[in-house]
Amino acid sequence: MWEYTDKVLELFYNPKNQGVLEDKGESGVKITTGEVGSIACGDALRLHLKVDVDTDKIVDARFQTFGCTSAIASSEALVELVKGKTLDEALEVTNKEIAAYLGGLPEAKIHCSVMGQEALEAAIYNYRGIPLDVHEEDDEGALVCTCFGISESRIRRVVKENNLTRAEDVINYIKAGGGCGSCLATIDDIIVSIQREVTTSQASNNNPGQLAVKALTPVQKIALIQKVLDEEVRPVLIADGGDVELYDVDGDIIKVKLQGACGSCSSSFATLKIAIEARLRDRISPSIVVEAV
Amino acid sequence: MQRNCIYLDNNATTKVDPAVVEAMMPYITDYYGNPSSMHTFGGQVAKAVKIAREQVAALLGADETEIVFTSGGTEGDNAAIRAALLAQPEKRHIITTQVEHPAVLTLCKQLETQGYSVTYLSVNQHGQLDLDELDAALTGNTALVSIMYANNETGTVFPIEEIGARVKAKGAIFHVDAVQAVGKLPLNMKNSTIDMLVMSGHKIHAPKGIGALYIRRGVRFRPLIIGGGQQRGRRAGTENVPGLVALGKAAELELLHMEEATAREIKQRDRLEKTILSLISDCEVNGDITQRLPNTTNIGFKYIEGEAILLHLNQHQICASSGSACSSGSLEPSHVLRAMGLPYTTLHGSIRFSLCRYTTEAEIDKVIEVLPGIIQHLRDLSPFKNDQAAWLQQHEQVLTHR
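Structural notes, computed from the coordinates. (Residues numbered from 1 in each chain as written. Chains lettered and ligands numbered in written order. Predicted model: local features only at pLDDT ≥ 70, side-chain atom pairs only at ≥ 80, totals over all residues. Heavy atoms only, no water.)

Focus on the sheet that holds strand β3 (residues 57-66) of chain A
Hydrogen bonds between backbone groups are what pair the strands of a sheet, and the pairing can be parallel or antiparallel. Residue and element names in this part refer to chain A. Taken in spatial order, the three strands of this open sheet run β1-β2-β3, and their pairing is antiparallel. The open sheet has two free edges, formed respectively by β1 (29-38) and β3, since each of these has just one partner strand. Shown here is a sheet whose adjacent strand axes are inclined to one another by a mean of 15°, direction ignored. Where helix α5 (residues 110-128) meets the sheet, its contacts fall on β1 and β2 (43-52), and the angle it forms with β1 comes to roughly 140°. (Pairing = 2+ DSSP bridges. Helix = DSSP H or I, 4+ residues; strand = E, 2+ residues; numbered from the N terminus. Axes fitted to C-alpha atoms, helices over the stretch in contact; angles between N-to-C directions. Contact = heavy atoms within 4.5 Å.)

Following this line, the structure appears as structure tokens:
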């Protein structure tokens, strides 16, 4: 059983803002709705906002939610948070605020708060006539997570939009990989490939790392190598049960210790060359050679 | 949650019978000798082990020499499957089903990484196998067929003896995970095609951490756990004497109560099921209602989600399940219901009620009293309703097209 806070349970058992807001032709107000989620994923939210046209304030809000305890509680929390706010103020509400209002959510249920934030954005965009990001591409391409019917295109979009670095983050945002787990390795590969694309793009634009390295002292260079390893390489390896430690730097020869699963993995050479050396070459210098000790 | 809850989650685990507790207690307190010891103090305990083995054998219709005590169903399944493969190193093919317990499925997935090929038989919308598919999969290279007797989620019972006859004709070893069937269906290993069968104590009112593996005499067996020579060298380690005494007593009680309990459970289960179907719209029974365990009903409530139903039931101190207990904590929709091809509309809102011999009419009444209100409340919250179905259909269509 999930560990829910008292606040989550209180709002789940006693929601006060469920239902529909219908347009009754009242002067000075407009009704708008936003829909997100999917029945395949097991949660969906339709948010209804009543907006005072003159003040741009949300004067009432209601929700309809298909989902678990935390999805219903997150919807209730969302409505409580946005009532009385202007639309601009409401757009500032983040999923973290929704989770905080609930006294926290289990990590695997963070996607419920993300759904609230997305529904709010959808409703406000509808109201303002801003075309919604339909993301038709989400339904195209290979199906990665068969448990929840989530495509590679959607995973790529969410990873990019939210700068996600671990498969666990993807689970928390859109559930992909949170079922049987058989696609987690594929999700990791997708993340690595996106990170490579970003790095290559940065390098081809102005490659500040490579330009700066010429002016680096040895100590600064080691610090930069350590920073790239800590921030860009290790999270990916750790997610796969491995790790890497900087051992020594001798000119452009960088010696590292592969640890955990990376140490015993049959593809550790590929990890060394693709995940580590290529990254350091992109970020610091194309002449870098990485060796395992 | 109080201890006196309405417990309708007996496929997950069961209440330990007070008579079982009474039987095992002396082996925790007074008779703590090691059954392998040569002194009389240990010898008394060895006698208790022998009696327990006889009691378990009686429940299975087996000989006591064919019973190996284990820590439970998962160990039994692992031991049986690995033993079957080690005994036939020249064969590299396994057949199982898409709806097995993770104790079998996870091991099969691992074996695939070790050079074995595995055929996962599909099931139809009622959760039943197509035996022609089994015939087509069986080859001379098939070392093992591992198929559950009854499904833990839907209660669907497979035609095990018919399957076994086909398996034996091809010379493969036949392993049956009977964790859910033992104590609910009559078994007689003497007239069976089953080579190895697994049971678990905590599903039949014994404590957790004890189970048994039946190994037909003559079947080549390689132990999973090695060390001392206990249990004829088939499972090393000092025996969990209080646990296996409990298992023996529980087996004796199951044999004693099975006929009467089965009749009562079928009556209660059918009353619960029929009343729910008559009071609540848009719900349906999942599984094969003609070939089903007497104690299980799995009902899909459209347009709402299972965990939300469970928490509302929990408020009324009613315990049920939204799928396999082993999957709780996971976000995954039930792999069993998915294999049956249920639409997502039903899949996420499926609830399993599993009864036992302690279930009372008043408990069934209470579920019938509160469930319609819970379902109505959650449907009132849901955006997916008959009159607002366009969005829902759009989602279902997207999935269908994949």
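Back to the text.
A few points about empty space enclosed by the protein
Regions of empty space are outlined by a rolling probe, equal in size to a water molecule, passed over the atoms. All names here are of chain B. Within this structure, the stated rule accounts for five cavities of 30 Å³ or more. As a volume, the largest cavity reaches approximately 160 Å³. Lining the largest cavity are 19 residues, with G183, K184, H205, E254 and E265 sitting closest to its centre. A breakdown of the residues in the lining of the largest cavity according to their chemical character gives seven nonpolar, seven polar and five charged. (1 Å grid on protein atoms, 1.4 Å probe; cavity = no way out; pocket = protein on both sides within 12 Å on 5 of 7 lines; lining within 4 Å. Points joined across faces, edges and corners; volume = space filled by probe spheres on them. Nonpolar A, V, L, I, M, F, W, Y, C, P; charged D, E, K, R; others polar.)

Focus: the environment of A:E97
Residue and element names in this part refer to chain A. Tracing the backbone shows E97 in helix α4 (residues 95-101). Separated by 181 residues in the primary sequence, E97 and A278 place their C-alpha atoms 38 Å from one another. Once residues lying within four places of it in the same chain are set aside, the contact partners of E97 are L81 and E92.

Looking at the pairing of strand β10 (residues 296-301) of chain B
Residue and element names in this part refer to chain B. Of all six residues that make up β10, six are buried, and the element is covered over most of its length. Of the two faces of β10, the one lined by T296, N298 and G300 and the one lined by T297, I299 and F301 are each fully buried. Taken together, the three bridges between strand β9 (residues 283-285) and β10 define a ladder with antiparallel strand orientation. Bridging from a neighbouring strand, V285 pairs with I299 of β10. (Buried < 20%, exposed > 50% of the residue type's maximum accessible area, 1.4 Å probe, protein only.)

Here's the deal with the packing of aromatic side chains
Two measures describe an aromatic ring pair: the distance that separates the ring centres and the angle between the ring planes. Scanning the entire structure with this criterion turns up four aromatic pairs over all chains. Consider the rings of A:F12 and A:Y13, whose centres lie 5.1 Å apart with planes at 55°: the pair is tilted. With respect to class, A:F12 is no different from A:Y13; both count as buried. The cationic tip of A:K30 hangs over the ring face of A:Y127; the distance from NZ or CZ to the ring centre is 5.2 Å. Above the ring of B:Y358, the side-chain terminus of B:K15 is found at 4.7 Å from the ring centroid. (Phe/Tyr/Trp six-rings, centres within 6.5 Å; stacked < 30°, edge-to-face > 60°. Lys NZ or Arg CZ within 6 Å of the ring centre and 35° of its normal.)

Overview of the nonpolar core
Buried together is how nonpolar side chains tend to be arranged in soluble globular proteins. B:L60 and B:I163 are the most contacted members of the largest nonpolar core, which totals 73 residues. Broken down by element, this core gets its largest block of residues, nine residues, from helix α8 (residues 241-279) of chain B. One finds A:W2, A:F12, A:I58 and A:L120 within the second-largest nonpolar core, a separate group that totals 68 residues. (Core = buried A, V, L, I, M, F, W, Y, C linked by side-chain atoms within 4.5 Å.)

Quick look at the pattern of salt bridges
Residues and elements named next belong to chain A. All told, the structure shown has 34 salt bridges over all chains when counted by the stated rule. Where R128 meets D56, a salt bridge forms, and the shortest distance between an N and an O atom there is 3.4 Å. Of this pair, R128 sits in helix α5 while D56 sits in the loop between β2 and β3, and the two are 72 residues apart along the sequence. The exposure class assigned to D56 is partly exposed, which follows from its relative accessible area of 22%. With its nearest N and O atoms 3.6 Å apart, the salt bridge here joins R156 to E152. Placement of both R156 and E152 in helix α6 (residues 152-162) is noted, with a separation of four residues, approximately one turn of the helix. The class of E152 is partly exposed, set by a relative accessible area of 29%. (Salt bridge = Lys/Arg side-chain N within 4 Å of Asp/Glu carboxyl O.)

Quick notes on the environment of B:E112
All names here are of chain B. Relative to the helices and strands, E112 resides in helix α5 (residues 102-112). Once the C-alpha coordinates of E112 and H93 are considered, the two residues, 19 residues apart in sequence, prove to be 9.5 Å apart. When sequence neighbours within four positions are dropped, the list of residues in contact with E112 reads V118 and Y120.

Let's talk about unusual backbone geometry
Residue and element names in this part refer to chain B. Despite not being glycine, Q231 has its phi angle at roughly 55°, a positive value. Mapped onto the elements of the fold, Q231 is located in the loop between β8 (211-215) and α8. We classify Q231 as buried; its relative accessible area is 8%.

Let's talk about the pairing of β3(A)
All names here are of chain A. Counting buried positions along β3 gives seven out of ten residues, so the element sits mostly inside the fold. Pairing between β2 and β3: nine bridges, direction antiparallel. Along β3, the bridge assignment pairs L49 with A61. As consecutive antiparallel partners, β2 and β3 are separated by four residues, and within that stretch D56 has a phi angle of approximately 65°, a positive value.

Focus: α8(B)
Residues and elements named next belong to chain B. Look at α8: only 49 Å from first C-alpha to last across 39 residues, short of the 57 Å you get at 1.5 Å a residue. The largest bend along α8 reaches roughly 60° and is located at M258. Taking the backbone nitrogen of G243 as reference, a side-chain oxygen 3.0 Å away marks N240 as the first, capping residue of α8. (Expected span 1.5 Å × (residues − 1). Bend = angle between axes of the 7 residues up to and from the residue. Polar contact = N/O pair within 3.5 Å; in protein donor to acceptor, adjacent residues only side chain to side chain.)

Remarks on the side chain of B:S192
All names here are of chain B. Topologically, S192 is positioned in the loop between β6 (173-177) and β7 (196-200). Overall, the relative accessible area of 12% leaves S192 in the buried class. If sequence neighbours within four positions are ignored, S192 has contacts with E161 and R216.

Details of the packing of α8(B) against helix α12 (residues 361-381) of chain B
Residues and elements named next belong to chain B. The geometry of α8 relative to α12 is characterised by a closest axis approach of 10 Å and an angle of 15° between their N-to-C directions. By the angle class used here, α8 and α12 are roughly parallel. For the crossing formed where α8 meets α12, the hand is right-handed. Facing α8, whose interface residues are Q268, R271, L272, T275, I276 and L279, α12 presents E361, I364, D365, V367, I368, L371 and P372. (Parallel < 35°, antiparallel > 145°, perpendicular 65-115°, else oblique. Left-handed = near helix turned anticlockwise from the far one by under 90°.)

Details of the sheet that holds strand β7 (residues 253-260) of chain A
All names here are of chain A. Spatial ordering of the open sheet is given by β6-β7-β8, a layout of three strands whose pairing is mixed. Unpaired on one side and paired on the other, β6 (242-250) and β8 (289-292) mark the two borders of the sheet. With direction set aside, neighbouring strand axes in the sheet form an average angle of 30°. Bridge analysis of β7 against β8 gives four bridges, and the strand direction is parallel. Bridge pairing in β8 places I253 opposite V289. Strands in contact with helix α10 (residues 218-239) are β6 and β7; relative to β6, the strand with the most contacts, it is inclined by about 160°. Across the sheet, helix α12 (residues 268-283) is in contact with β6, β7 and β8; its angle to β8 comes to roughly 145°.

Details of a nonpolar patch on the surface
A cluster of nonpolar side chains, B:V21, B:M25 and B:I28, forms an exposed patch at the surface whose accessible area comes to about 230 Å². The residue B:M25 is located in the loop between α1 (18-24) and α2 (26-29) in this model. (Patch = residues over 30% accessible without salt bridge, like charges linked within 9 Å, V, L, I, M, F, W, Y side chains within 5 Å. Areas by Shrake-Rupley, 256 points an atom, 1.4 Å probe, with all protein chains shown as cover.)

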